[in-house]
Amino acid sequence: MASLRWLSALSVAVQVAGQPQSSTCSNPTCSSPPCAAPLLGDVGCTTVSGTETYNHELLTVGSTIASNAHIYGPFEAGFTSMQKSIIENWGCTDASVAYDSEGGTDIGTAESKVSKACNIELPRIEGNNYYGVVGPCGGHTNDYHFHRGFTCLYSESGAHSTKVGEVASHNMYGKWEDYDNQRLPLLDACGGHIGPTPESSTAVYHYHVQDQAPFTVGCHGPSSSGGLVSVATCRALYSDCDNDGGSGTTIELKTGTVAYDRFCPCFDAAGSNMGTNIQELPALSSTEIYYTVNSTTDSSSDSTSTMPSATMDSDAATNLDQKIEEIGVKIQKAEEEARQWVAQQSTNPTAKARAMQALKRKKLYEQQRDQLVNTQFNVENLAFQQDQAEITAQTVLAMKKATEQLKDQQKRMGVEDVDKLTDDMADIQAEMKDIQAALAAPSALGATGEDEAEAELQALYAQQSQKEAEE
């Protein structure tokens, strides 16, 4: 398997270097899913054509990207001296710092790694030129193949995104589950889920392109029972996926240092493709098949966020702490070394020069430490901003739901119904007042009755006075 992978890697490297190799897309088959998708090469084929919107590598503005183009998985074969001119065209003054002959990093990680190594901004747009590992539509090379995006193949309008290709025996669509309502699909580890599509009113397994790794597909689904594929099941399909947490590599990105497992296309909810602490994708624990953009909640509801930024920020802050401590030890050792050489100045003619070297080394370490401290502050500040954004999103979501509930309640009580209810209540209150007034009114005895009652009262008073006198 490894030899086939590197043979494919060589083929990709030749294409990236700008030596056109026209080839027909070959859509893989998966007779008993789930199946491992090719790590390099075709995982599916597009079914519609598109138009390039910027100049990028061998394509210019207005170039047609024909249908039946290659759909690749997330990984690049790596960048070597064969891509020197392309990397330099991105703005890298020393392309060698971006070389990575091992390959096996997803296209987003590869782009961030080059950006960090070359100290350039990727991707970026300058005039009609697009600079990035892949073009604005999500692909590259003359033998054009997609890694992500597919933005020139479908429009962001309407409800469910239209079909962009076929992956094994299932359709692949643009990234939206419902663009009008800003809903994105919850996807399994393969990159698919079960629901209706423009081609099927009944729920079927299908893929969506994604903004996060694996971008296209992590594997060929569905599960053996016809359901969603878990992260653990996906990783079991690939010998390159190691779940013991000890075989990964450390990669320096613009956002910090991350641990990564090369050629493992199965990413969990935290954006990690390695380790035993798997955070299962919310698609497998939610009753919904979508979440609303800019909303966050727990995995049991209809929304989630699968971006790995927060986890990466936390890991970066921890790694920076360790680096700062290590540099602190080096600073202390350099100072102690300088003191030792100063103590030998009377007996060793080279002591002064060696002491000066030690102090210069100390200064370099101090500068490096100060830079890392500033970087750590920026990383922690970014994490704080992400937390604030999450709180804001939760607040907005709560307000949105409350507003929707209020609107729904208002629909159930129309203005005419409320007016009628108010009139009825006024009538009832008036009737109650009349009843109470009637109940409280004095008895109507007439003048004779009044006089007789008055005479009887006077007689009672007289009888009482006589009784008191006799006593």
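Data block above holds the structure.
This report concerns the structure included in the present document. (Residues numbered from 1 in each chain as written. Predicted model: local features only at pLDDT ≥ 70, side-chain atom pairs only at ≥ 80, totals over all residues. Heavy atoms only, no water.)

### Observations regarding the nonpolar core
Counting 65 residues, the largest nonpolar core has Ile87, Trp90, Phe146, Phe150, Met172 and Tyr238 as its most contacted members. Elements with a minimum of two residues in this core: α2 (84–89), α3 (107–118), β11 (163–167), β15 (200–208), α4 (231–236), β16 (249–253) and β17 (256–260). Examining the composition of this core, we find that four residues originate from one element, α3, more than from any other. Those residues in contact with Met172 that lie beyond four places of it in its chain are Ile71, Phe150, Lys163, Val164, Gly165, Glu166, Val167, Tyr207, Val209, Thr216 and Val217. (Core = buried A, V, L, I, M, F, W, Y, C linked by side-chain atoms within 4.5 Å. Buried < 20%, exposed > 50% of the residue type's maximum accessible area, 1.4 Å probe, protein only. Helix = DSSP H or I, 4+ residues; strand = E, 2+ residues; numbered from the N terminus. Contact = heavy atoms within 4.5 Å.)

### Remarks on the pattern of salt bridges
Applying the stated rule across the entire model yields 16 salt bridges. Note that Lys362 and Glu335 form a salt bridge whose closest N and O atoms lie 3.5 Å from each other. Here the residue Lys362 occupies a position in helix α6 (residues 351–412), and Glu335 occupies one in helix α5 (residues 309–343), the gap between them amounting to 27 residues. Relative accessible area serves as the criterion here: at 27%, Glu335 is assigned to the partly exposed category. Linking Arg369 and Asp370 is a salt bridge whose minimum nitrogen-to-oxygen distance equals 3.6 Å. With a relative accessible area of 28%, Arg369 lands in the partly exposed category. Overall, the relative accessible area of 41% leaves Asp370 in the partly exposed class. One salt-bridge network, in which partners are shared between bridges, spans Glu335, Arg339, Lys362, Lys363 and Glu366. (Salt bridge = Lys/Arg side-chain N within 4 Å of Asp/Glu carboxyl O.)

### What about the layout of surface pockets?
Vacant regions in the atomic arrangement are exposed by a probe of water-molecule size rolled over the atoms. Here the second largest pocket defines a volume of roughly 650 Å³. Around the second largest pocket, the lining comprises 24 residues; the ones closest to its centre are Lys116, Glu252, Leu320, Leu372 and Thr375. Of all elements in the fold, only α3, β16, β17, α5 and α6 reach the threshold of two or more residues within the lining of the second largest pocket. (1 Å grid on protein atoms, 1.4 Å probe; cavity = no way out; pocket = protein on both sides within 12 Å on 5 of 7 lines; lining within 4 Å. Points joined across faces, edges and corners; volume = space filled by probe spheres on them.)

Purely geometric stuff here, so don't read any function into it on its own.
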